[in-house]
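# Structure at a glance
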Amino acid sequence: MKIWLIMIALGVGTFLIRISFIALFGSREIPPLLQRALRFVPASVLSALVVPQILTRNNALDFSLSNPQLVAGIVAGLVAWRTKNVLYTILSGMIILWLLQALFNR
Amino acid sequence: MQTARSEFLSGVKALIPILLGVIPFGMITGIAVIQTNISPSSGLIMSILIFSGAALIVALQLITNSAPALVVLFSALVVNLRFMIYSASLAPYFKRLSTGWKNLLAYLLSDQAYAASILHISEGSCPEYSHWHFLGSGLMMWVAWQSSVGIGLFVGARLPSNWSLEFTIPLTFLALAFPTIKDLPTTVAAVVASIVVVLAGGVPLKMGMIIAALIGILAGVLTEGRKK
């Protein structure tokens, strides 16, 4: 099963990232440029992940406000920004999405 | 051994306040995994193999979008690169430990265990046994995480499929993304990555995300360099 091979490789890879500097006996510091680049990994990666998922509707990018995912995503983004709370962000996004879907289907 | 035991217990205690954020996130991860048509028991085994919610969801989502295996691996591992920072930060305190201990503590390394333990470990009040503190925090996190993922997996399998619950996946990442945007350079990194990923929508093999992330990181580094 291909999916299990990927998962095992992912498990090993994640473990190797975790043990990287611990295995180097603490004798080495992170190279300064790598350290600076690592600081931007979460913001860049998470943005690159989220944006297409929110914009994609019926397998195409949809920038219009008639895309309920976009509106729900904007509201949830504001909540995430103000509260920094995972639960509130998800609840607000899902409630807006459900409301819009209910309105559209009528 | 009395000290080892008390260090272990204080590590467990240090993690408990964080659980309020961990349990809902673990349950949401479980529900999100179910949305990619994985059975609950497979999902739990994968969660134990990887012990990283974000990487697991990214991988499963790319697999359902039929991305090539190498793209799946690379994308999911990039999400976890932050562990390298923690690894470097903990390395000096773990250097005299046996390989077995190092392997165990590395597997248990998570954002939460690191946050709960690093202050105590770096204070060096009990350097002989401080790895027991990390073990306490790490194990407590592992048990809480896998249990809440498990609950999410089994609850998710029973929820109706017309609730658009797959949308909880981008919302989860949205909630994780905002706290990482702290200053001008991180804002630039996030905005540039967002723009590039949209522009690169037509790039084959789902490589757009990787390209966008790398250009975002570069933009952040350059912005920071300019400020100084």
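Conventions used here
- Throughout this document, residue positions are counted from 1 along each chain, in the order its sequence is written.
- Each chain takes a letter, starting from A, and each ligand takes a number, starting from 1, following the order in which they are written.
- Given that the model is predicted, a residue must reach a pLDDT of at least 70 before its local features are reported, and side-chain atom pairs must reach 80 or more before they are shown or counted; all residues, however, enter totals for whole chains, interfaces and linings.
- Put simply, DSSP marks the helices as runs of H or I at least four residues long and the strands as runs of E at least two long, and each gets a number from the N terminus on.
- C-alpha atoms define the radius of gyration, and 2.2 Å times the number of residues to the power 0.38 defines the globule rule.
- Field definition: a residue is buried when 20 or more other C-beta atoms are found within 10 Å of its C-beta, exposed when 12 or fewer are, and partly exposed for counts in between, with C-beta atoms placed from the backbone.
- By the convention adopted here, residues make contact when the C-beta atoms placed from their backbones lie within 7 Å.
- Every helix has an expected span of 1.5 Å times one less than the residues it contains.
- Domain extents, as shown, originate in an automatic or database domain assignment.
- Under the scheme applied here, ten amino acids are nonpolar (Ala, Val, Leu, Ile, Met, Phe, Trp, Tyr, Cys and Pro), four are charged (Asp, Glu, Lys and Arg), and all others, including Gly, are polar.
- Scored from 0 to 100, pLDDT records how confident the predictor is in each individual residue.

Along the backbone of chain A there are five helices and two strands. Reading chain A from its N terminus to its C terminus gives the helix and strand order α-α-α-β-β-α-α. Computed over the C-alpha atoms, the radius of gyration of chain A is 20 Å, more than 25% above the 13 Å expected from 2.2 N^0.38 for a compact globule of 106 residues. Taken over the C-alpha atoms alone, chain A extends approximately 65 × 40 × 25 Å along its principal axes. Here chain A, with 106 residues, has 39% of them falling under the buried criterion. Here the analysis covers contacts within chain A between residues at least 6 apart in sequence; of these, 29% occur between residues at least 24 apart.

Our focus in this paragraph is helix H4 (residues 53-64) of chain B. The terminal C-alpha atoms of H4 of chain B, which comprises 12 residues, lie 17 Å apart, in line with the 16 Å expected from a rise of 1.5 Å per residue. Among the 12 residues that make up H4 of chain B, 11 are buried, leaving the element largely enclosed by the rest of the structure. Those residues of H4 of chain B that fall on the buried side of the exposure criterion are Gly53, Ala54, Ala55, Leu56, Ile57, Val58, Ala59, Leu60, Gln61, Leu62 and Ile63 of chain B. Those residues of H4 of chain B that are buried lie in contact with helix H1 (2-23) and helix H3 (41-55) of chain A together with helix H2 (19-34), helix H3 (40-50), helix H5 (69-79) and helix H10 (168-180) of chain B. At the C-terminal side of H4 of chain B, Ser66 of chain B shows a positive phi close to 50°.

With that settled, the discussion passes to the domain arrangement of chain A. Domain assignment breaks chain A into domain 1 (1-39) and domain 2 (42-106). A straight line from the C-alpha centre of domain 1 of chain A to that of domain 2 of chain A covers 31 Å.

Counting residues at the interface gives 70 residues for chain B, matched by 58 residues for chain A. Here the element with the most residues in the side of chain B that touches chain A is H10 of chain B; it accounts for 13 residues. In the side of chain B that touches chain A, the residues fall into 52 nonpolar, 14 polar and four charged.

Now for the confidence of the model for chain A. In the predicted model, chain A carries a mean pLDDT of 88, and 93% of its residues have values of at least 70. The secondary structure element of chain A with the lowest average pLDDT is strand E2 (residues 60-61) of chain A, at 82, and the one with the highest is H1 of chain A, at 95.

Once that is clear, we can look at H2 of chain B. A rise of 1.5 Å per residue sets the reference length of H2 of chain B, with its 16 residues, at 22 Å; its end C-alpha atoms lie 22 Å apart and thus fit the reference within 8%. Listing the buried residues of H2 of chain B in full gives Val22, Phe25, Gly26, Met27, Ile28, Thr29, Gly30, Ile31, Ala32, Val33 and Ile34 of chain B.

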